[in-house]
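A structural walkthrough
Single-letter residue listing:
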Amino acid sequence: MRWRKTGTVGAGLMLAGVLALSACGSSDDGASKDATSSGGQSAPIGIVASTNVWGDVAKQVGGDAVEVTSIISDPDQDPHSYEADANTALAISKASIVIENGGGYDDFVDQLLDANSSDATVLNAVDISGKTAPADGELNEHVWYDFPTVQKVADEIAAELGKADPDDAATFTSNASAFKDKVDGLISETDDLKSSHAGEGVGITEPVPLYLTEAAGLVNKTPEAFSEAIEEGEDVSAATLKETLDLYTNHEVKVLVYNEQTSGPITEQIEKAAKKAGIPVVPVTETLPSGLDYVGWMQQNIDALRSALG
């Protein structure tokens, strides 16, 4: 699912006021990117991430040496209704590093960067992944469900933090390695699922979890016209809806992986059909649930998928 761009207009109208607010602050505030604390210690490196997923990865790598602001952090928030505010614009203007997902997912970040004339280092997860759209389709931009990509982003964060704070560069590299080791454990578990369930059918409501389900060897049976319409907030044709519902009534899939963060009448109809047919439903989200870090969250998703597949 892509964040709707409607909210960026409101943010744009307030940017002049935000920049004026920054200008009225003390010179110490304006120099926050390179400032040191009164005790002589380096101030935390400011990082802004478009979502708390990438914000958590940054915190895992940077530890106490970074101060992370995640723009989207509420798992109950409907991404379609997101609106940037003055605090977001101010955080962007002061950040040393900005992490965006890219691939059209969070274009509001680029708009805020341009409006603020920011000189922050920008890490784009889709660009880092090296993934491109297939010749006959669209790029699946939900790359935080792709474990090798997350490992690549962790390395890039460590490299940029090392440039900003050379004295702690080795620590950042070590932190990234420790984080990647944990992600290797997730990769091992999806490989185990693949060895047991390769080729089995899965249904989705949106492309959000496809990198995870593909790593587990599952085959997406949902009509692309359905998942793309749901992702873009467009109408689903009657024929496409029937084709999708038939997946469950005819038991053509073993599990439905359901994006519960952006549900609506049509996706709820699919969920109801799956449950009526006795097909397990695995809910997923696009942001971190409260109380979990990235690895814990993905472990929870893998555990739920394993349980559903039996």
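Here the structure is shown first, and the text comes after it.
Below you will find a few notes about this structure. (Residues numbered from 1 in each chain as written. Predicted model: local features only at pLDDT ≥ 70, side-chain atom pairs only at ≥ 80, totals over all residues. Heavy atoms only, no water.)

Describing the overall build of the protein chain
Along the protein chain, the regular secondary structure elements total 13 helices and 8 strands. Across the 310 residues that make up the protein chain, the buried fraction comes to 49%. Contacts in the protein chain between residues far apart in sequence, at least 24 positions, make up 69% of those at least 6 positions apart. A total of about 13,700 Å² of accessible surface is found on the protein chain, and carbon and sulfur atoms cover 48% of it. (Helix = DSSP H or I, 4+ residues; strand = E, 2+ residues; numbered from the N terminus. Buried < 20%, exposed > 50% of the residue type's maximum accessible area, 1.4 Å probe, protein only. Contact = heavy atoms within 4.5 Å. Areas by Shrake-Rupley, 256 points an atom, 1.4 Å probe, with all protein chains shown as cover.)

Here's the deal with the environment of Leu193
As for its position among the elements, Leu193 is in helix H8 (residues 169-197). Under the relative-accessibility criterion, Leu193 is labelled buried at 4%. Filtering out sequence-adjacent residues up to four positions away, Leu193 remains in contact with Ala198, Ala216, Ile302, Leu305, Arg306 and Leu309.

Considering the packing of helix H7 (residues 147-164) against H8
Here H7 crosses H8 at 175 degrees, and the two axes come no closer than 9 Å. The orientation of H7 with respect to H8, classified from their angle, is roughly antiparallel. Of H8, the residues touching H7 (which contributes Phe147, Val150, Gln151, Ala154, Asp155, Ala158, Leu161 and Gly162) are Ala169, Phe172, Thr173, Ala176, Phe179, Lys180, Val183, Asp184, Leu186, Ile187 and Thr190. Among the residues forming the contact of H7 with H8, the class breakdown is 12 nonpolar, 4 polar and 3 charged. (Axes fitted to C-alpha atoms, helices over the stretch in contact; angles between N-to-C directions. Parallel < 35°, antiparallel > 145°, perpendicular 65-115°, else oblique. Nonpolar A, V, L, I, M, F, W, Y, C, P; charged D, E, K, R; others polar.)

Describing the nonpolar core
Counting 53 residues, the largest nonpolar core has Trp54, Ile99, Tyr145, Ile157, Leu161 and Tyr294 as the members making the most contacts within it. At 8 residues, helix H13 (residues 294-309) tops the list of elements feeding residues into this core. When sequence neighbours within four positions are dropped, the list of residues in contact with Tyr294 reads Val53, Asp56, Trp144, Phe147, Val150, Phe179, Val183, Leu186 and Leu288. Within the second largest apolar cluster, 16 residues are counted, among which are Leu247, Tyr248, Leu256 and Ala277. (Core = buried A, V, L, I, M, F, W, Y, C linked by side-chain atoms within 4.5 Å.)

Here we look at helix H12 (residues 265-276)
Taking 1.5 Å of rise per residue, 12 residues should cover 16 Å, and H12 covers 16 Å from first to last C-alpha, within 8% of that figure. Taken as a whole, H12 has its buried residues at Thr267, Ile270, Ala273 and Ala274. Seen from one end, H12 has its buried residues packed into an arc of 115 degrees, which puts them on one side. Facing away from the buried side of H12 by more than 90 degrees, the exposed set consists of Pro265, Lys272, Lys275 and Lys276. Looking at the packing, one finds that the buried side of H12 touches helix H10 (224-232), helix H11 (238-249), strand E7 (255-259) and strand E8 (281-284). (Expected span 1.5 Å × (residues − 1). Arc of directions from axis to C-beta.)

A word on the pattern of salt bridges
Considering all chains together, one arrives at 8 salt bridges under this definition. We note a salt bridge from Lys163 to Glu160, for which the minimum N-O separation is 3.3 Å. Placement of both Lys163 and Glu160 in helix H7 is noted, with a separation of 3 residues, approximately one turn of the helix. A salt bridge links Glu189 to Arg306; the shortest N-O distance between them is 2.6 Å. Of this pair, Glu189 sits in helix H8 while Arg306 sits in helix H13, placing them 117 residues apart in sequence. Residue classification places Arg306 among the partly exposed positions, given a relative accessible area of 32%. Among the charged side chains, a network of salt bridges with common partners joins Glu189, Asp303 and Arg306. (Salt bridge = Lys/Arg side-chain N within 4 Å of Asp/Glu carboxyl O.)

Let's talk about the packing of aromatic side chains
All told, the structure shown has 5 aromatic pairs when counted by the stated rule. Aromatic side chains Phe179 and Tyr294 sit 6.2 Å apart centroid to centroid with 50 degrees between the ring planes, which places their arrangement in the tilted category. With Phe179 in helix H8 and Tyr294 in helix H13, this pair connects stretches of sequence that are 115 residues apart. Here the two residues Phe179 and Tyr294 agree in accessibility, since each one is buried. Among the aromatic residues, ring-to-ring pairing joins Tyr105, Trp144, Tyr145, Phe179, Tyr294 and Trp297 into one connected group. (Phe/Tyr/Trp six-rings, centres within 6.5 Å; stacked < 30°, edge-to-face > 60°.)

Some thoughts on the pairing of strand E4 (residues 121-124)
Note that strand E3 (residues 97-100) and E4 share 4 bridges and pair parallel. Across the sheet, Ile97 pairs through a bridge with Thr121, a residue of E4. Taking the sense of rotation as the criterion, the β-α-β connection linking E3, helix H5 (residues 107-116) and E4 turns out right-handed. (Pairing = 2+ DSSP bridges. Right-handed = clockwise from strand over helix to strand, strands pointing away.)

Focus on H11
For H11, which comprises 12 residues, the first-to-last C-alpha distance of 16 Å matches the rise-based estimate of 16 Å (1.5 Å per residue) to within 8%. Thr240, Leu241, Thr244, Leu245, Leu247 and Tyr248 are the residues of H11 that are buried. Seen end-on, H11 carries its buried residues on one side only, within an arc spanning 140 degrees. Opposite its buried face, H11 presents the exposed residues Ala238, Ala239, Lys242 and Thr249, each directed more than 90 degrees away. As for H11, its buried residues are in contact with strand E5 (201-204), H10, E7 and H12. Looking one or two places after H11, you find His251, whose phi comes out positive at around 55 degrees.

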